[in-house]
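# Structural overview for review
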Amino acid sequence: MKRLLVLVALAVIGVTLLYGIGKMPPMDSRASPDKTHVVPRYLGHGEEEAGAKNIITGVILNYRGYDTMGEVSVIFSALCAVIAILDREKKGRSRSGVDASRVRTSLIVTTVVRFSLPVVMLFAVYTMLHGEPSPGGGFQGGAIVGASIILFTIVFGLAVSTKRIPPGARVPMESVNMLGFLSMGFIGLAFGVQFLTYILPGLGVAAAETVRKLMLDVIELGIGIGGGIIFISIVFSMIREDRYELQQDVP
Amino acid sequence: MAEVVRNVLVAALCCSGIVFFLGGTVGLLRCPDLYARLHPSTKCDTLGACSVILALIILSGFSMVVLKLLAVTFFLMLSSAVCGHAIGRSAFKSGVVPWHKPGVEPLPPMEVEEP
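Below you will find a few notes about this structure.

Scoring rules and cut-offs
Residues numbered from 1 in each chain as written. Chains lettered and ligands numbered in written order. Predicted model: local features only at pLDDT ≥ 70, side-chain atom pairs only at ≥ 80, totals over all residues. Heavy atoms only, no water. Helix = DSSP H or I, 4+ residues; strand = E, 2+ residues; numbered from the N terminus. Rg over C-alpha atoms; globule rule 2.2 N^0.38 Å. Buried < 20%, exposed > 50% of the residue type's maximum accessible area, 1.4 Å probe, protein only. Contact = heavy atoms within 4.5 Å. Areas by Shrake-Rupley, 256 points an atom, 1.4 Å probe, with all protein chains shown as cover. Patch = residues over 30% accessible without salt bridge, like charges linked within 9 Å, V, L, I, M, F, W, Y side chains within 5 Å. Salt bridge = Lys/Arg side-chain N within 4 Å of Asp/Glu carboxyl O. Polar contact = N/O pair within 3.5 Å; in protein donor to acceptor, adjacent residues only side chain to side chain. Phe/Tyr/Trp six-rings, centres within 6.5 Å; stacked < 30°, edge-to-face > 60°. 1 Å grid on protein atoms, 1.4 Å probe; cavity = no way out; pocket = protein on both sides within 12 Å on 5 of 7 lines; lining within 4 Å. Points joined across faces, edges and corners; volume = space filled by probe spheres on them. Nonpolar A, V, L, I, M, F, W, Y, C, P; charged D, E, K, R; others polar. Expected span 1.5 Å × (residues − 1).

### Focus on the overall build of chain B
- On a plain count of helices and strands, chain B comes out with three helices and zero strands.
- The helix and strand sequence of chain B, counted from the amino end, reads α-α-α.
- Taken over the C-alpha trace, chain B has a radius of gyration of 19 Å; the compact-globule value for 115 residues is 13 Å, which it surpasses by more than 25%.
- Reported as C-alpha extents along the three principal axes, the dimensions of chain B are approximately 60 × 35 × 20 Å.
- Looking at chain B as a whole, 23% of its 115 residues qualify as buried.
- Within chain B, residue pairs in contact and separated by at least 24 positions form 63% of the contacts whose partners lie at least 6 positions apart.
- Summed over all atoms, the accessible surface of chain B reaches about 7900 Å², with 76% contributed by carbon and sulfur.

Following this line, the structure appears as structure tokens:
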């Protein structure tokens, strides 16, 4: 009986979906709504409406600001779920694979990682701040930040990593992406316009333009730093073995 | 004349890049063990990708993009070589035995002094 019900439900949903697909305009058709309405609007008016030279940033932060805010909260709730299940790493209980490994980390690897990490960080900041005029943005920059710190942790171990990024500094920064986005959104409300409006009334044209650029940069930086810290925290709370000891020979 | 020389250079570099990529792929699929596979597959990034990028630099002429491409080449060289080193070293030190021909006595494991 139950199986029959499942079968009927699947059949109903399937037929509905197939019917919907049948009514869709064919692929590459010039008459489909995204070609007639969305694309011309974004490409024709994106720069002055959204205020970013890079049309993708304009779409992400302005036309679909609510959607991006949802994505940011998804990353944040992923961290919440990981910590709810795995708990944070604890001093005295955890150490990473490199600390437990019998093979000592090679001098070549540590040297190259120490040499290239500042360059990677610099590139991450460049990616975050350049999201507005060129390809890049907060999400990508955050991924680069997270990956570089994860590489450092793999090579030098969790103990050194925790010493460099103490949890007291890391944990409050995890919510920076949500807070940055929301505060920039509420600035619009404070000026009496809609949530997530970047063009504030009551300022001069030039001042409003500068403020808009600054707000976009704050959002990008918030997404980047917060996202990177969230990746780091997720990986740190997954690193879990028996004991926590400082190695003698780490720099 | 300069145009011809440039095009020939670009084509030669591109072809050598493709040869290295092909060799790397075939080696990755056909070689018997980790150490043997590591050897061709690291050549893909260092020699293959770098010669293709060098060809692009010559083709585009000098501009800001060339500096970015040179940086990409530098870090590609660095990361690929170091990755190969790290994988091979940790495999050897954790006791992965190199492949040997059936019926042939394998080389005795090397004793490596820790620095």
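Still more to cover.
### What to know about a nonpolar patch on the surface
- A contiguous nonpolar surface patch, about 550 Å² in accessible area, is contributed by A:Met1, A:Leu4, A:Leu5, A:Val8 and A:Val12.
- Among the secondary structure elements, A:Leu4 is positioned in helix H1 (residues 2-23).

### Some remarks on the side chain of A:Thr68
- Mapped onto the secondary structure, A:Thr68 falls in helix H4 (residues 65-86).
- Among the polar contacts listed, one links the side chain of A:Thr68 to the backbone oxygen of A:Ile60, at a separation of 2.5 Å.

### Looking at the packing of aromatic side chains
Residue and element names in this part refer to chain A.
- The final tally for this structure, using the stated rule, is seven aromatic pairs over all chains.
- Judged by centre distance (4.4 Å) and plane angle (25°), the ring pair of Tyr 42 and Tyr 63 falls under stacked. Of this pair, Tyr 42 sits in helix H2 (residues 33-50) while Tyr 63 sits in helix H3 (residues 55-63), and the two are 21 residues apart along the sequence.
- Residue classification places Tyr 42 among the buried residues on the basis of a relative accessible area of 18%.
- With relative accessibility at 27%, the residue Tyr 63 sits in the partly exposed group.

### Considerations on the layout of surface pockets
- For the largest pocket, the calculated volume is near 1100 Å³.
- Taken together, 34 residues make up the lining of the largest pocket; nearest its centre are A:Ser116, A:Val120, A:Leu151, B:Phe75 and B:Ser79.
- When contributions to the lining of the largest pocket are tallied by element, the ones reaching two or more residues are helix H6 (107-129) and helix H7 (138-156) of chain A together with helix H3 (64-93) of chain B.
- In terms of residue count, H3(B) provides more of the lining of the largest pocket than any other element does, 14 residues in total.
- Here the residues of the lining of the largest pocket sort into 23 nonpolar, eight polar and three charged.

### Details of unusual backbone geometry
- The phi angle at A:Leu196 is positive, at roughly 60°, despite the residue not being glycine.
- On the secondary structure map, A:Leu196 appears in the loop between helix H10 (176-190) and helix H11 (205-238).

### Quick look at H3(B)
- With 30 residues, H3(B) extends 44 Å between its outermost C-alpha atoms, agreeing within 8% with the 44 Å of an ideal straight helix rising 1.5 Å per residue.
- Within H3(B), burial applies to B:Val66, B:Leu69, B:Thr73, B:Ser80, B:Val82, B:Gly84, B:Gly88, B:Arg89 and B:Ala91.
- The secondary structure elements touched by the buried residues of H3(B) are H6 of chain A together with helix H2 (34-60) of chain B.
- Positioned one or two residues after H3(B), B:Gly95 has a phi angle of 90°, which is positive.

### Comments concerning the interface of chain A and chain B
- With eleven residues of chain A in contact, the opposing surface of chain B contributes 13 residues.
- Put simply, chain A and chain B have zero salt bridges between them.
- One can count one residue pair in polar contact (both at pLDDT 80 or more) joining chain A with chain B.
- Split into classes, the residues belonging to the side of chain A that touches chain B amount to seven nonpolar, three polar and one charged.

Geometric descriptors of this kind do not, in isolation, establish any biological role.
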